[in-house]
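Report on the structure
Here are the chains, one letter per residue:
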Amino acid sequence: MNKGFTILQKYLMQPMGKIAQFKLVRAVMAAGMASIPFTIVGSMFLVFNILPTTFTGLQGLFDSTFFKVSDLYMVANTATMGILALYFNFVIGYELTKIEAEENGLNVNALNGAMLSVFAFFMTLPELVMKDGAMKLVNVTSETENVINGFRMGATVDRLGTSGIFTAIIMAVLATQLYFLCVRKNWVVKMPETVPLGVSRSFTALIPAFVIAFAVLIINGVLVALGTDIYKIIAIPFAFVTGLTNSWLGVMVIIFLIHALWVVGIHGANIIGAFLTPILLANMAENAAGAHIPFAGEFNNSFAIMGGSGATLLMTFFIAFLAKSDQLKILGRASLAPAIFNINEPIIFGMPIVYNPYLAIPFFLAPMVSASVGYFAIKTEFIKPLVAQVPWPSPVGLGAFIGTGGDLMAALVAIICAILAFVIWFPFVKFYDGKLLKEEKIKAAELAAQA
């Protein structure tokens, strides 16, 4: 086991620790965190709107009441999930600029970085084609397509939704790097010191805005001339990554990586989550549109890691009330309330699970088994897929119930996942409890002898 920990530390902890410090990774993580309240609010309106599809007895009531104003309240969903790429783009541009200013001392303004990122992103939204030797905006109106002056429309502009997240990220990176280049080269309009700071900052972004405009126009022009655009280009590699996360093997690899990082003391959920969040949100949006993708939304907290990483929920209850060693009994009782809301750092560092060969195996195995059950329950359409974002601290069963739009069987599957996780934990924690009890008795005997 010690050799295994050494391998994990050398080949996983060190590389992932370095990746976690990348500015882009930190910015994407910040964007994911910033989008949480908006995705939850928008998702709750969606859940409310689809309740009659789950509880059919409500259909008549909803038809005569709420559905008469559904176009009104569903605007909240459109203004969140429908423009999610815009949130990511803005926050990443802001965070990258803020990091550059704070850590490298460059005289750049975070709000300017955010606005320049939005500017670059919006320049990629219109669809253009080569027609009769000229570049023209696409205009198509039919039963299946609605493209007006290059903007493909759904509930909102399609490319502002989850399908545009990766382009939004890339445009934020491009815009901020060009902004930084202009400031370093002193390609900025300098105003007298008597000019108010806000006015001076706005003019600082003038030349960078021109540089960004020309850069994006060149990229767009070359790609359109080649019969494609940046969205279609980006879709190729990211479609592969997204497809990998939609396979059982891909989910298992992700669960393994999260817990391998935890075992060597790194917050695996935060690091891996930075890469996963855009994909999970995109998958969830596809589910809301009729797809059936298991790995979406809060899949992990709903089915894989109830009680926190390692799926320790019922194990925490066990040690709180049935452990014989004082260490586990006291720790369990102190950790009960956080565990209900999927917080288990006290368990991970208090038992401890980190660098603990006695508990590493169930810490890996329990969430992989529970995730498999949740994955195949959705894949086989035994339960509905996740269509709404729920707060990650949602208690076991509740998150799955709300996230699937009110599927009672999803709540039952989540509870079964928690039970299966405990079955895996039981022999290991029972042995570990006995080991600690023996050590406590030896120590007590030594203290009694000294007295």
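Residues numbered from 1 in each chain as written. Predicted model: local features only at pLDDT ≥ 70, side-chain atom pairs only at ≥ 80, totals over all residues. Heavy atoms only, no water.

1. Focus on the overall build of the chain
Scanning the chain from terminus to terminus reveals 20 helices and 5 strands. With the C-alpha coordinates of the chain rotated into their principal frame, the extents come out at 90 × 60 × 40 Å. Sorting the 451 residues of the chain into buried and exposed places 48% on the buried side. Counting contacts in the chain only where the partners sit at least 6 residues apart, residues at least 24 apart contribute 74% of the total. In the structure as shown, the chain presents an accessible area of about 21,300 Å², 70% of it carried by carbon and sulfur atoms. (Helix = DSSP H or I, 4+ residues; strand = E, 2+ residues; numbered from the N terminus. Buried < 20%, exposed > 50% of the residue type's maximum accessible area, 1.4 Å probe, protein only. Contact = heavy atoms within 4.5 Å. Areas by Shrake-Rupley, 256 points an atom, 1.4 Å probe, with all protein chains shown as cover.)

2. Some remarks on the pairing of strand β1 (residues 128-131)
In the sheet, β1 pairs with strand β2 (residues 134-137) via 4 bridges, with the strands oriented antiparallel. Within the sheet, the bridge partner assigned to L128 lies in β2 and is L137. With antiparallel pairing between neighbouring strands as the criterion, β1 and β2 make up a hairpin whose turn holds 2 residues, including D132 at a positive phi of roughly 55°. (Pairing = 2+ DSSP bridges.)

3. A few points about the pattern of salt bridges
Using the criterion set out here, one finds 7 salt bridges in the structure. In this structure, E127 engages R152 in a salt bridge whose closest nitrogen and oxygen atoms are separated by 2.7 Å. In this pair, E127 is assigned in the loop between α7 (110-123) and β1 and R152 in strand β5 (residues 151-152), connecting sequence segments 25 residues apart. (Salt bridge = Lys/Arg side-chain N within 4 Å of Asp/Glu carboxyl O.)

4. Section: empty space enclosed by the protein
Summed over the entire model, instances satisfying the criterion amount to 1 cavity of 30 Å³ or more. Considering only enclosed or pocket space, the largest cavity measures out at about 40 Å³ in volume. Lining the largest cavity, in full, are M123, T124, P126, E127, L128, N220, V224 and D229. Residue classes in the lining of the largest cavity are distributed as 4 nonpolar, 2 polar and 2 charged. (1 Å grid on protein atoms, 1.4 Å probe; cavity = no way out; pocket = protein on both sides within 12 Å on 5 of 7 lines; lining within 4 Å. Points joined across faces, edges and corners; volume = space filled by probe spheres on them. Nonpolar A, V, L, I, M, F, W, Y, C, P; charged D, E, K, R; others polar.)

5. Some remarks on the domain arrangement of the chain
For the chain, the assigned domains read domain 1 (80-236) and domain 2 (247-450). Each of domain 1 and domain 2 has a C-alpha centre, and these two points are 39 Å apart. Summed over both sides, the interface of domain 1 with domain 2 buries roughly 500 Å², with 90% coming from carbon and sulfur. It is M81, T162 and F166 that lose the most area in domain 1 upon contact with domain 2, and together they represent 62% of the buried surface on that side. Run the count over domain 1 and domain 2 and you get 0 salt bridges. At the junction of domain 1 with domain 2, the criterion picks out 0 residue pairs in polar contact (both at pLDDT 80 or more). Elements represented by at least two residues in the side of domain 1 that touches domain 2 include exactly α6 (84-104) and α8 (165-184). At 3 residues, α8 tops the list of elements feeding residues into the side of domain 1 that touches domain 2. (Domains from an automatic or database assignment. Buried area = accessible area lost by both parts, 1.4 Å probe. Polar contact = N/O pair within 3.5 Å; in protein donor to acceptor, adjacent residues only side chain to side chain.)

6. Describing the nonpolar core
Nonpolar side chains tend to gather and get buried jointly when the protein is soluble and globular. In terms of nonpolar packing, the biggest core is built from 60 residues, with V251, F299, F303, I319, L328, M351 and I353 touching the most fellow members. Looking at which element gives the most residues to this core, the answer is helix α20 (residues 408-450), with 11 residues. Leave out the neighbours within four places in its chain, and F299 touches V251, P294, A304, A371, G374, Y375, I378 and L386. Residues M123, A168, A213 and Y231 belong to the second largest nonpolar core, which totals 44 residues. (Core = buried A, V, L, I, M, F, W, Y, C linked by side-chain atoms within 4.5 Å.)

7. A look at the layout of surface pockets
Computed from the structure, the largest pocket encloses a volume of approximately 820 Å³. As for the largest pocket, its lining consists of 32 residues, of which D158, G161, T162, S163 and A285 are closest to the centre. At the level of elements, α2 (23-54), α5 (75-78), α8, α11 (230-245) and α13 (268-288) are the ones that each hand at least two residues to the lining of the largest pocket. Residue composition of the lining of the largest pocket, by class: 16 nonpolar, 12 polar and 4 charged. Roughly 680 Å³ of internal volume is contained in the second largest pocket. Lining the second largest pocket are 31 residues, with A269, N270, E298, N301 and W392 positioned closest to its centre. For the lining of the second largest pocket, the elements supplying multiple residues, two or more each, are α2, α12 (248-263), α13 and α14 (299-304).

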